[in-house]
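Secondary and tertiary structure notes
Okay, here's what each chain looks like letter by letter:
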Amino acid sequence: AAEDLTAAAAGLTPGELWTSPGGAASVGFHLRHIAGSIDRLLTYARDESLSQAQLAAIAGEQDAGANPADAATLASDAVAAIHRAIEFMRHMPPERYFDPRGVGRRKLPTNVLGLLVHTAEHTQRHVGAIIATAKVVRARGERGHASREPG
């Protein structure tokens, strides 16, 4: 996932990162969402509640902001989150995989293993979307279509 998302996002301009072709989520959103969702899922795996900063970050995942980060920065943040998840798994004793955990305000029931599996599958789903969306955005640029600049 780390290799694929880095390659797919490489060289996209800020405008391309935040273009939503046909209403699809932008590459920028997917990159931010990977980093943020991994952080949130690992918080639940540690049996902690989300912080106010984590909750506030959810709303900002879709927005380029006034000074949008470049593709390399967003990809680097997502890759760093992936590596944190791998390290978490390496240090989680297997006998704790079935420790119960609750997700969200409603404390939906799961366990550590369920959160780790979901982290992997959720990340890969968004990487696939990054690859597809980046191809569409690049193809539009090659045909001379203007990208919607963030703002």
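You'll find the structure just up there.
This report concerns the structure included in the present document. Keep in mind that this is a model prediction, so the values were computed, not measured.

One pass over the structure, following the stated rule, counts four salt bridges. The partner of Glu 48 in a salt bridge is Arg 46, and the shortest N-O contact between them spans 3.4 Å. Residue Arg 90 is joined to Glu 87 by a salt bridge in which the shortest nitrogen-to-oxygen separation is 2.6 Å. With a gap of three residues between them, Arg 90 and Glu 87 both fall in helix α5 (residues 71–91), about one helical turn apart. With a relative accessible area of 34%, Glu 87 lands in the partly exposed category.

Topologically, Thr 43 is positioned in helix α3 (residues 27–45). Using a relative accessible area of 1% as the deciding quantity, one classes Thr 43 as buried.

With a phi angle near 65°, Asp 47 is a residue other than glycine that sits in the positive phi range. Mapping Asp 47 onto the fold places it in the loop between α3 and α4 (52–60).

So, about the nonpolar core. Counting residues in hydrophobic clusters, the biggest one holds 35 residues, and the most contacted among them are Leu 5, Leu 17, Val 27 and Leu 31. Elements represented by at least two residues in this core include exactly α1 (2–9), α3, α5 and α6 (112–142). Per-element accounting of this core gives the leading share, 10 residues, to α3. For Val 27, the residues in contact, after removing those within four places along its chain, are Ala 9, Leu 12, Leu 17, Ile 130, Thr 133 and Ala 134.

Here is what the cut-offs are and how they apply
- Throughout this description, residue numbers start from 1 for each chain and increase along the sequence as written.
- Totals for whole chains, interfaces and linings use all residues, but because this is a predicted model, local features are given only for residues with pLDDT of at least 70 and pairs of side-chain atoms are given and counted only at 80 or more.
- Processing note: side-chain calculations cover all non-hydrogen atoms of the structure and skip hydrogens and water entirely.
- Salt-bridge detection follows one rule: a side-chain nitrogen of Lys or Arg within 4 Å of a carboxyl oxygen of Asp or Glu.
- Numbering goes from the N terminus for both helices and strands, where a helix is a DSSP run of H or I of at least four residues and a strand is a run of E of at least two.
- Accessibility here uses a 1.4 Å probe with only protein chains present; expressed as a share of the type maximum, an area under 20% marks a residue as buried, one over 50% as exposed, and anything in between as partly exposed.
- To define a nonpolar core, start from buried Ala, Val, Leu, Ile, Met, Phe, Trp, Tyr and Cys residues and group those joined through side-chain atoms within 4.5 Å.
- In this analysis, two residues are considered to be in contact whenever any of their non-hydrogen atoms come within 4.5 Å of each other.

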